[in-house]
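Descriptive analysis of the structure
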Amino acid sequence: FELKNPLLIFLLSMIWFISIYNNIINHYIRMEEKSVLFSLGIFFPKFSFLILVIISVFLFQNKNFNSLIILTLLSNILVTILFSMNLIEDNKKIISSVYDKSLSRKLLNFSIPLMFADLAYWGINTLDRVFIKHFLGFEELGVYSVAVMLATSINIIPSIFAYICHLLVYYW
């Protein structure tokens with residue numbers, strides 16, 4: 001979105017990489033049948049960001065876009081630290097394991113079509129924001145983004161139960 005500040009681009013890149021890492025860890029936790037930790041992995045990033053925003057409103061004078069980016073990064077780092085502390089034993093096993101090339105090929109053959117499906121899903125979910133920004137401007141994009149965020153945040157509680165139920169049904 002036409003950012004000219006190299007520091008903001010760096011911070012947004014960090015947020016992007018840490019979010020991907022947290023997502024991978026959260027899926028690993030789901031496959032390890034740690035449903036409570038998985039549910040916390042969905043809930044805690046948003047909750048920690050909300051707490052950091054509330055704290056920053058009362059403690060800091062400078063309230064702008066840069067502050068929100070820094071708070072988002074801090075929230076993601078906090079989630080990464082908490083996940084990593086819960087997976088210390090698993091990380092030791094992963095580090096000491098041997099790389100299996102044939103298994104990697106099988107996994108890639110399975111996952112490449114899913115990557116294209118995810119890219120298509122991402123495109124469908126983000127193109128609306130690109131068009132709103134292009135045709136209407138940033139103010140309307142902000143209103144739209146807040147409305148979408150509020151609408152999707154209502155879905156957090158049912159999605160936690162749905163994930164837990166999916167795990168239970170899978171093992172029945």
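Here, residues in each chain are numbered from 1, in the same order as that chain's written sequence. With pLDDT at 70 or above as the cut-off, local features in this predicted model cover only qualifying residues; side-chain atom pairs require 80 or more to be listed or tallied, and sums for whole chains, interfaces and linings still use all residues. Water and hydrogen atoms play no part in the side-chain values, which are based on all heavy atoms of the structure.

Glancing now at the overall build of the protein chain. From N to C terminus, the protein chain includes 7 helices and 0 strands. A run of H or I in DSSP counts as a helix once it spans at least four residues, and a run of E counts as a strand once it spans at least two, with each numbered from the N terminus. Of the regular secondary structure in the protein chain, the N- to C-terminal order runs α-α-α-α-α-α-α. Overall, the C-alpha framework of the protein chain stretches about 50 × 35 × 35 Å when taken along its three principal axes. Split into buried and exposed, the 172 residues of the protein chain put 21% on the buried side. Only carbon and sulfur atoms are counted for the fraction: they give 74% of the accessible area of the protein chain, which is about 13300 Å². Relative accessibility decides the category of a residue: with a 1.4 Å probe and only protein chains considered, values under 20% of the type maximum give buried, values over 50% give exposed, and everything between is partly exposed. Only the protein chains shown count as cover for residues, with accessible areas throughout obtained via the Shrake-Rupley method and a probe of 1.4 Å.

The next subject is the pattern of salt bridges. Close approach of charged atoms allows side chains of opposite charge to pair. In what follows, salt bridge is the name for a side-chain nitrogen of Lys or Arg lying within 4 Å of a carboxyl oxygen of Asp or Glu. Summed over the entire model, instances satisfying the criterion amount to 2 salt bridges. The partner of K92 in a salt bridge is E89, with the nearest N and O atoms 3.7 Å apart. Of the two residues, K92 and E89 are both situated in helix α4 (residues 88–96); the distance of 3 residues between them amounts to about one turn of the helix. A relative accessible area of 51% places K92 in the exposed class. A salt bridge links R129 to D128; the nearest nitrogen and oxygen atoms lie 3.8 Å apart.

Below, the discussion takes up the side chain of T80. Of note, T80 is situated in helix α3 (residues 65–86). Take T80: its relative accessible area is 15%, and that puts it in the buried class. Within polar-contact distance, the side chain of T80 engages the backbone oxygen of N76 at 2.9 Å. Contact criterion: two residues are considered in contact whenever any of their non-hydrogen atoms come within 4.5 Å of each other. The contact partners of T80, leaving out residues within four places of it in the chain, are I18, Y21 and N22. Polar contacts here mean pairs of N or O atoms no more than 3.5 Å apart (in protein, one a potential hydrogen donor and the other a potential acceptor; neighbouring residues in sequence count only if both atoms are side-chain atoms).

Axis definition: a line fit to C-alpha positions, over the contact stretch in the case of helices; interaxial angles, taken between N-to-C directions, run 0 to 180 degrees. α3 packs onto helix α2 (residues 35–59) with a crossing angle of 145° between their chain directions and a minimal axis gap of 9 Å. Between α2 and α3 the crossing geometry is right-handed. Contact with α2, carried on its side by L37, G41, F44, P45, S48, F49, L52, V53 and S56, involves L68, L71, T72, L74, S75, L78, V79, L82, F83 and N86 of α3 and no other residues of that element. Here the nonpolar group is Ala, Val, Leu, Ile, Met, Phe, Trp, Tyr, Cys and Pro; Asp, Glu, Lys and Arg are the charged ones; every other residue, Gly included, is treated as polar. Here the contact of α2 with α3 is built from residues that sort into 13 nonpolar, 6 polar and no charged. Put simply, a crossing is left-handed when the front helix is turned counterclockwise from the back one by less than a right angle, and right-handed when it is turned clockwise.

Our focus in this paragraph is the packing of aromatic side chains. A pair of Phe, Tyr and Trp rings is counted when the ring centres sit within 6.5 Å of each other, with Trp represented by its six-membered ring. The angle between the planes then sorts it: under 30 degrees is stacked, over 60 is edge-to-face, the rest tilted. Across all of its chains, the model carries 3 aromatic pairs by this definition. A centroid spacing of 4.9 Å and a plane angle of 65° characterise the contact between W16 and F17, whose relative ring orientation is edge-to-face. Each member of the pair W16 and F17 is classed as exposed. For the ring pair F131 and F135, a centre distance of 6.2 Å and an interplane angle of 15° mean the geometry is stacked. Of this pair, F131 and F135 are both found in helix α5 (residues 101–135), 4 residues apart, which corresponds to roughly one turn of the helix. Given the relative accessible area of 61%, F135 is considered exposed.

Patch membership is restricted to residues that have no salt bridge and whose relative accessible area is over 30%. Joining uses 9 Å for like charges and 5 Å for the nonpolar side chains Val, Leu, Ile, Met, Phe, Trp and Tyr. Residues V36, L40, F43, F47, L50, I51, I54, I55, V57, F58, L59 and F60 make up a contiguous nonpolar surface patch of roughly 1200 Å² in combined accessible area. Here F43 lies in helix α2. Overall, F43 belongs to the partly exposed group, its relative accessible area being 35%.

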